[in-house]
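# Structural description and commentary
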Amino acid sequence: MKAFVKLLPMAAYDFFRLYSAFHWFRRRLCFLWRYTKLTGCAVYRYAVGWKPPINDHGSRGEVVSNIEDEAPQVSPEGQREAAARERPAGLTRERPRFEDDSDDDGGEFDGEEYRVDPTDELHCGYDSTWDAEESVGPSRRTTRPAAHNFMFSRFENAARDMQNYRHGYPNRQQSTRRDKLNLQFYLGMTRSVPDGVSIDGFHQDWYKDYDRLESVHSYIQWLFPLQEPGMNRDASILTTEEIEEFLQSNIAKENLLKSYKLMLDFYGIELSDEKTGEVRRACNWRDRFNNLNRRTHNNLRITRILKCLGTLGYRHYQAPLVHFFLKETLVHRELPQVRDSVLHYFVFAVLDKRERRRLLKFAYLSYDRREEFVWCPKKIQIKWSQGMSSRTELLHCEDGLYTQIHSYLHIANGVLLGYIIKKKKLLGQEKRTCNKIQ
């Protein structure tokens with residue numbers, strides 16, 4: 001009985017401690033409610049696709065189609081060239097997913113907010129990436145502050161060349177040659193000039209011969225022919241008839257794939273999925289990346305490779321390769337000497353307009369100094385920045401909520417642990433008291 005009487009004050013004291021902790025926790029429920037409310041609102045806005053109002057710096061055009069189809073509209077010849085780039089009937093390709101495809105709903109870039117007016121500060125008249133309707137040649141020009149930006153001027157010069165490629169070289173004079181040297185070379189019926197190497201010889205004897213692949217400059221025009229001349233005057237310009245027959249030849253396309261793998265290995269890259277075109281670092285990537293940083297003429301070669309892939313049946317290989325270079329230059333920063341070429345040329349060699357937009361979004365969100373980003377209109381940059389702010393707010397709300405819950409659990413754990421320790425002490429004292437009485 002005496003022991004029970006002694007325990008009553010201690011039990012009252014413990015109850016008071018628990019009551020104080022409960023009262024402290026109850027008073028701070030308002031903070032928990034605030035973070036829960038912020039998190040719920042952010043999740044709801046993200047789920048329903050709520051978009052904050054922005055200043056409309058551009059015109060509101062019509063919805064753009066899912067596929068680029070940048071076919072030249074000025075001549076039937078240009079239309080045939082563009083049609084030759086289309087995939088064979090019945091052949092479907094799975095689009096590779098990028099890391100930033102969190103809101104890939106199939107219509108992300110089709111809203112009116114993606115229509116850009118020529119008066120936009122960073123609108124480029126030779127870039128049709130954000131145009132609702134295709135046009136050959138520059139759009140209406142206006143005087144803008146970006147006109148005096150050196151990087152933007154470089155972008156405009158590059159965009160002129162890439163637009164000419166994407167529209168099938170509408171102003172190019174047709175070649176009168178009918179010998180189809182490029183097709184014969186890829187079918188193994190002739191050798192390259194002046195090297196005198198067959199297509200199988202390149203694939204077998206030149207594979208991993210990095211010194212020869214680096215020092216010889218006359219083979220790239222044969223391995224990846226284009227409808228424009230290169231440095232090798234002995235190489236033949238690709239003709240419309242050759243493109244049509246090339247796309248119908250499995251042997252030629254298989255040999256082009258081997259040529260692509262040959263050059264990927266030279267750059268320290270390997271093709272991980274032939275269906276989607278996904279690429280990754282090869283085992284020797286570090287040494288080959290060092291060579292890419294030292295020998296910047298390879299940037300021109302990669303641009304030619306991307307153009308050739310889009311022309312000769314491997315259009316779906318363009319975006320994965322460009323995305324790889326964007327990651328290595330902007331995220332991992334392993335290829336600083338390739339960065340400008342990636343943004344000026346590689347991205348805009350991609351024929352699929354939707355993929356090109358995804359690549360630009362990834363580039364903008366990965367760019368360190370976004371205020372210096374000149375490769376898409378300012379209106380688009382504002383929209384992406386606001387979307388990124390909404391996601392950042394959601395993450396901050398979640399972090400704050402987790403911090404509060406962790407602190408509450410830590411306090412409750414401390415109170416419970418203290419209560420258990422005191423109970424053990426009381427039981428020990430009671431046991432010793434009983435032993436003395438006995």
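What counts and how
Residues numbered from 1 in each chain as written. Predicted model: local features only at pLDDT ≥ 70, side-chain atom pairs only at ≥ 80, totals over all residues. Heavy atoms only, no water. UniProt positions renumbered as here; feature names shortened; annotations may be inferred. Helix = DSSP H or I, 4+ residues; strand = E, 2+ residues; numbered from the N terminus. Contact = heavy atoms within 4.5 Å. Axes fitted to C-alpha atoms, helices over the stretch in contact; angles between N-to-C directions. Parallel < 35°, antiparallel > 145°, perpendicular 65-115°, else oblique. Left-handed = near helix turned anticlockwise from the far one by under 90°. Nonpolar A, V, L, I, M, F, W, Y, C, P; charged D, E, K, R; others polar. Expected span 1.5 Å × (residues − 1). Buried < 20%, exposed > 50% of the residue type's maximum accessible area, 1.4 Å probe, protein only. Salt bridge = Lys/Arg side-chain N within 4 Å of Asp/Glu carboxyl O. 1 Å grid on protein atoms, 1.4 Å probe; cavity = no way out; pocket = protein on both sides within 12 Å on 5 of 7 lines; lining within 4 Å. Points joined across faces, edges and corners; volume = space filled by probe spheres on them. Core = buried A, V, L, I, M, F, W, Y, C linked by side-chain atoms within 4.5 Å.

The protein chain is annotated in an unreviewed UniProt entry as Opioid growth factor receptor 2 of Gasterosteus aculeatus aculeatus. The UniProt entry for the protein chain carries this comment under Sequence similarities (unreviewed entry): "Belongs to the opioid growth factor receptor family."

### Structural notes on the environment of Gly-313
By the secondary structure assignment, Gly-313 is in the loop between helix 12 (298-311) and helix 13 (318-331). Expressed as a C-alpha distance, the spacing of Gly-313 and Leu-256, which sit 57 residues apart in the sequence, is 9.5 Å. Residue contacts for Gly-313: discarding those within four places in its chain leaves Leu-247 and Lys-253.

### Focus: the packing of helix 12 against helix 14 (residues 339-346)
Put simply, helix 12 and helix 14 touch, their axes get as near as 10 Å, and they point 30 degrees apart. Taken together, the axis directions place helix 12 and helix 14 in an arrangement best described as roughly parallel. Regarding helix 12 and helix 14, the two cross each other, and that crossing is right-handed. Between helix 12 and helix 14, the contacting residues are Asn-299, Ile-302, Thr-303 and Leu-306 on the first element and Ser-341, Tyr-345 and Phe-346 on the second. Grouping the constituent residues of the contact of helix 12 with helix 14 by class yields four nonpolar, three polar and no charged.

### Points about the environment of Asp-127
Tracing the chain through its elements places Asp-127 in the loop between helix 3 (76-84) and helix 4 (150-166). Separated by 221 residues in the primary sequence, Asp-127 and Phe-348 have C-alpha atoms spaced 8.3 Å apart. Among residues more than four places away in sequence, those in contact with Asp-127 are Phe-155, Arg-166, Phe-348 and Trp-375.

### Details of helix 13
Taking 1.5 Å of rise per residue, the 14 residues of helix 13 would be expected to cover 20 Å, and the 19 Å separating its terminal C-alpha atoms lies within 8% of that figure. Counting buried positions over the 14 residues of helix 13 gives twelve, a clear majority of the element. Of the residues one or two after helix 13, Arg-333 is the one with positive phi, at around 60 degrees.

### Describing the pattern of salt bridges
Per the stated rule, a full pass over the model turns up 14 salt bridges. Residue Arg-358 is joined to Glu-355 by a salt bridge in which the shortest nitrogen-to-oxygen separation is 3.9 Å. Here Arg-358 pairs with Glu-355, and both are found in helix 15 (residues 353-366), just three residues apart, close to one helical turn. Judged by relative accessible area, Arg-358 falls into the buried class, the value being 5%.

### Considerations on the layout of surface pockets
Approximately 510 Å³ is the volume attributed to the second largest pocket. Contributing to the lining of the second largest pocket are 20 residues, with Met-231, His-297, Leu-300, Arg-301 and Arg-304 lying nearest its centre. Going through the elements one at a time, helix 8 (220-223), helix 12 and helix 14 are the ones with two or more residues in the lining of the second largest pocket. A total of six residues in the lining of the second largest pocket trace back to one element, the largest contributor, which is helix 12. When the residues that make up the lining of the second largest pocket are grouped by side-chain class, the tally is six nonpolar, eight polar and six charged.

### A closer look at the nonpolar core
Grouped together as the largest cluster of nonpolar side chains are 85 residues, with contacts concentrated most on Leu-223, Tyr-260, Phe-325, Leu-326 and Trp-375. The biggest single contributor to this core is helix 10 (residues 250-266), with eight residues. If we skip the residues at most four places from it in the chain, Leu-223 touches Phe-185, Tyr-186, Ile-199, Phe-202, Leu-256, Ser-259 and Leu-262.

### A closer look at the environment of Tyr-207
Here Tyr-207 is to be found in the loop between helix 6 (199-205) and helix 7 (210-215). Classification of Tyr-207 as partly exposed rests on a relative accessible area of 41%. Placed 54 residues apart in sequence, Tyr-207 and Lys-261 show a C-alpha to C-alpha distance of 9.3 Å. Excluding its chain neighbours within four sequence positions, the residues that come into contact with Tyr-207 are Phe-202, Leu-262 and Asp-265.

### A word on unusual backbone geometry
For the bond running from Val-193 to Pro-194, omega is 10 degrees, close enough to zero to count as cis. Although it is not a glycine, Lys-208 adopts a positive phi angle of roughly 70 degrees. Note on placement: Lys-208 falls in the loop between helix 6 and helix 7.

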